[in-house]
Amino acid sequence: MYSMPFSLQKNKVIVAKCFIFLCLSYPAAQLFYTYSQNTIGTNPHKTIMGVTGEWGFICLLLSLLVSSLRRWLCLFLRALKVKFGRRLADWNWIIRCRRMIGLFCFFYASLHLAAYLWLDIGLDWEELYYDVKDRPFILVGISGWLILTLLALTSPNICMRKMGRYWRTLHRFVYLAAVLACLHFYWLAKLGDNRPVIFTLLLAILLLDRILFSTIFSNTLKDDGMEAKR
Amino acid sequence: MNGSDITKESIYLHRRKFIAAAVSLLGTSSAFNKVLAANTLDEQLTSLHDITHYNNYYEFSTNKEAIAILAQDLAITPWEITIGGEVEKPLVIDVSQLLNDFQSKRFVYPLRCVEGWSMVIPWQGFQLQQLLEKVKPTANAKYVKFNSLFRPSEMIGQRRNVLEWPYVEGLRLDEAMHPLTILATGLYDKPLPKQNGAPLRLVVPWKYGFKSIKAITSIELTAEMPTTSWMKSSPSEYGFYANVNPTVAHPRWSQRREVRIGELKKRKTKMFNGFENQVADLYKGMDLEANF
């Protein structure tokens, strides 16, 4: 039988991961490239802080989108009455892309914090003391980053196995990190800047989706034994 | 061919520094000397491109990089300025006449934005005290209120109520009469670009940039402290004085540090933006934490 040298169907997780990797590395690459070319703009400091913070938040939302997307795809394909993709389990594979998105979130959040510590306060810990005292959103941001650090450290498969059910409990703290990120963004955005509202609305949609599917629509997507529903 | 094709900017700037130093040595007027002495700033000027492409001008947009484009639609001739209120000789004057009446001089000031960035700008202009002396404030005059233009057809940012329009700013009379306080009509030896507040703007170098109101249409001397646009918008964040003060924080921006445009890392902010020796007397005995 003729066999394809590379099966897109069999390698869909790898292909999706490569695609996501390229997309999510782009903002950081762009930042380094424009800085090296001196085309980053008038205020590189603000651009670096803005881009890293914003993309950290976007990655956080994208990682929360994955499980919602799985449900939405399933419902959408049922409505289309096509053969494949009507079962929740058909989309289990997209969950396997989630860890990388989460690690990108940690990557951008870490760049954001590093830029703050190095470029803003110049590694002067007295300045950090005054900043935290004067502007509570910095403490909120650092708390969020600490949560992300714990999640990133416990992300390998071996941790997942060793920690058992505690792993799931710990990783639920991503919701707290998301709320802290919203608070952080609201607090620092200047008058007339709508981005925090947009980000908060997106987060609200994702949270509402979870609440609806675990209460009102909990029977709509029946567990057929093939999916990783808990 | 224009001038910059013949002489490189860095060279003619260097020459001007030399001329400014020479002028101060000759000793013209004592007030002017004090100003110049304050401004033998041993700091590099921010480039003309950065000064004209990174502006806070909410009348057009809250996006600092968009102002350079959006502001070009503003019609600035003719431009009448009304000076009234508590004065003996009220005045309505076209800005071109104003430029004839007052000889403009060069003032190199650091501009510190409340958002935590700063530039060093070579303004041309004249001292506000010269204009105020001409209209003769009455004994009742304690404050000076400035109004900016309200024209949403051209200032498209005014179609959103981000702030109450027109933009209003104010100074105490002694602050307005201070020799450092100027009305700017140009920068880098060119007429004031529209995005920087053409045709006439205020520059108060020891206060945060938002005090330096752009596109002034009227100046009114008052007995009562005027309520500025920013005080109305968020009284807990913006006070009347808005002096550059690293020890009093804004809820969003630490005022202890600033990023000088052209640099990557932040630097420490100086009290009164480096003009402590010249202006600290104005606020003797005042609680600067309460009067922020």
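Basis of the calculations
Residues numbered from 1 in each chain as written. Chains lettered and ligands numbered in written order. Predicted model: local features only at pLDDT ≥ 70, side-chain atom pairs only at ≥ 80, totals over all residues. Helix = DSSP H or I, 4+ residues; strand = E, 2+ residues; numbered from the N terminus. Contact = placed C-beta atoms within 7 Å. pLDDT = per-residue confidence, 0-100. Core = buried A, V, L, I, M, F, W, Y, C linked by C-beta atoms within 7 Å. Buried ≥ 20, exposed ≤ 12 C-beta atoms within 10 Å, placed from the backbone. Pairing = 2+ DSSP bridges. Axes fitted to C-alpha atoms, helices over the stretch in contact; angles between N-to-C directions. Nonpolar A, V, L, I, M, F, W, Y, C, P; charged D, E, K, R; others polar. Parallel < 35°, antiparallel > 145°, perpendicular 65-115°, else oblique. Left-handed = near helix turned anticlockwise from the far one by under 90°.

Asker: Please provide a residue-by-residue account of the overall build of chain B, values included.
Answerer: Looking only at helices and strands, one finds 10 helices and 12 strands in chain B. Taking contacts inside chain B between residues at least 6 apart in sequence as the whole, the part at least 24 apart equals 68%.

Asker: An account of the environment of Asn43(A) is needed here, citing residue identities and associated values.
Answerer: Assignment of secondary structure puts Asn43(A) in the loop between helix H1 (12–37) and helix H2 (44–80). The contacts of Asn43(A), once residues within four sequence positions are left out, are Tyr54(B), Trp117(B), Val259(B) and Ile261(B).

Asker: Requested: an account of the confidence of the model for chain B, with residues and values cited.
Answerer: Residue and element names in this part refer to chain B. When pLDDT is averaged across chain B, the result is 89; 86% of the residues are at 70 or more. Note on residues 21–34: pLDDT under 50 across the span, and 9 contacts to partners over four residues away in sequence or across chains. The ipTM assigned to the predicted complex is 0.78, against a pTM of 0.83.

Asker: Can you break down the nonpolar core residue by residue, with the values?
Answerer: By size, the foremost hydrophobic cluster in this structure holds 65 residues, and its most contacted members are Trp123(B) and Ile216(B). Apart from the residues lying within four places of it in its own chain, the contact partners of Ile216(B) are Ile81(B), Phe146(B), Ser148(B), Leu200(B), Arg201(B) and Leu202(B).

Asker: With reference to specific residues and values, describe the sheet that holds strand E6 (residues 168–172) of chain B.
Answerer: All names here are of chain B. Spatially, E2-E1-E10-E5-E6 is the arrangement adopted by the 5 strands of the open sheet, whose pairing is mixed. Edge positions in the sheet fall to strand E2 (91–94) and E6, since each has one partner strand and no second. Averaged over all pairs of adjacent strands, the angle between their axes in this sheet comes to 15°, without regard to strand direction. Bridge analysis of strand E1 (residues 80–85) against strand E10 (residues 216–222) gives 4 bridges, and the strand direction is parallel. By the bridge assignment for E10, Ile83 is matched with Ile219.

Asker: Give me the interface of chain A and chain B: which residues, what numbers.
Answerer: Residue-level contacts link 18 residues of chain A with 19 residues of chain B. Sorting the residues of the side of chain A that touches chain B by element identifies H2, helix H4 (98–120), helix H5 (125–134) and helix H9 (174–188) of chain A as the ones contributing at least two each. Among the residues forming the side of chain A that touches chain B, the class breakdown is 6 nonpolar, 5 polar and 7 charged.

Asker: A description of the packing of helix H6 (residues 136–153) of chain A against H9(A) should follow, citing residues and the corresponding values.
Answerer: Residues and elements named next belong to chain A. The geometry of H6 relative to H9 is characterised by a closest axis approach of 9 Å and an angle of 155° between their N-to-C directions. Here H9 runs roughly antiparallel to H6, going by the angle between their axes. The element H6 and its partner H9 pack so that their crossing is left-handed. Mapping the contact onto sequence places Phe137, Val140, Gly141, Ser143, Gly144, Ile147, Leu148 and Leu151 in H6 and Val174, Leu176, Ala177, Leu180, Ala181, Leu183, His184, Trp187 and Leu188 in H9. Class assignment of the residues belonging to the contact of H6 with H9 gives a composition of 13 nonpolar, 4 polar and no charged.

Asker: Could you give an account of the packing of H1(A) against H2(A), naming the residues involved and the relevant values?
Answerer: A packed helix pair is summarised by two numbers, namely the angle formed by the two axes and the spacing between the axes. All names here are of chain A. Running from amino to carboxyl end, H1 crosses H2 at an angle of 175°, the nearest separation of the two axes being 10 Å. With respect to H2, the element H1 is oriented roughly antiparallel. Along its contact with H1, which presents Leu24, Pro27, Leu31 and Tyr35, the element H2 presents Pro44, Ile48, Val51, Trp55 and Cys59. Residue composition of the contact of H1 with H2, by class: 9 nonpolar, no polar and no charged.

Asker: Could you give me a rundown of the pairing of E6(B), with the residues and numbers involved?
Answerer: All names here are of chain B. Most of E6 is tucked away: 4 of the 5 residues are buried. With 5 bridges joining them, strand E5 (residues 143–148) and E6 adopt antiparallel strand pairing. Note on E6: the bridge partner recorded for Tyr143 is Arg172.

Asker: Explain the environment of Thr77(B) residue by residue, including any values.
Answerer: For Thr77(B), the position within the fold is in the loop between helix H5 (67–70) and E1. Along the chain, Thr77(B) and Arg201(B) lie 124 residues apart, while their C-alpha atoms are 15 Å from each other.

Asker: Tell me what's going on with the pairing of E10(B), and back it up with residues and numbers.
Answerer: In the sheet, E5(B) pairs with E10(B) via 6 bridges, with the strands oriented antiparallel. Pairing of Asn147(B) across the sheet is with Ser218(B), part of E10(B).

Asker: Can you lay out the environment of Asn161(B) for me, pointing to particular residues and giving the numbers?
Answerer: Residue and element names in this part refer to chain B. Looking at the secondary structure, you find Asn161 in the loop between E5 and E6. For Asn161, a count of 9 C-beta atoms within 10 Å corresponds to the exposed category. Spatially, the C-alpha atom of Asn161 lies 32 Å from that of Thr46, the residues being 115 residues apart in sequence.

Asker: Explain unusual backbone geometry to me, and be specific about the residues and the numbers.
Answerer: Among all residues except glycine, the phi angle is most often negative; among peptide bonds, the trans geometry is most common. All names here are of chain B. A cis amide bond links Thr77 with the next residue in sequence, Pro78, at an omega value of -5°. Following Ala198, the chain continues into Pro199 via a peptide bond in cis, with omega recorded as 5°. Inspection of the secondary structure assignment puts Pro199 in the loop between strand E8 (190–191) and strand E9 (201–203). Residue Tyr188 is not a glycine yet carries a positive backbone phi of 50°. By the secondary structure assignment, Tyr188 is in the loop between strand E7 (182–187) and E8. Even without being a glycine, Asn273 presents a positive backbone phi close to 55°. When the 24 C-beta atoms within 10 Å are taken as the criterion, Asn273 is described as buried.

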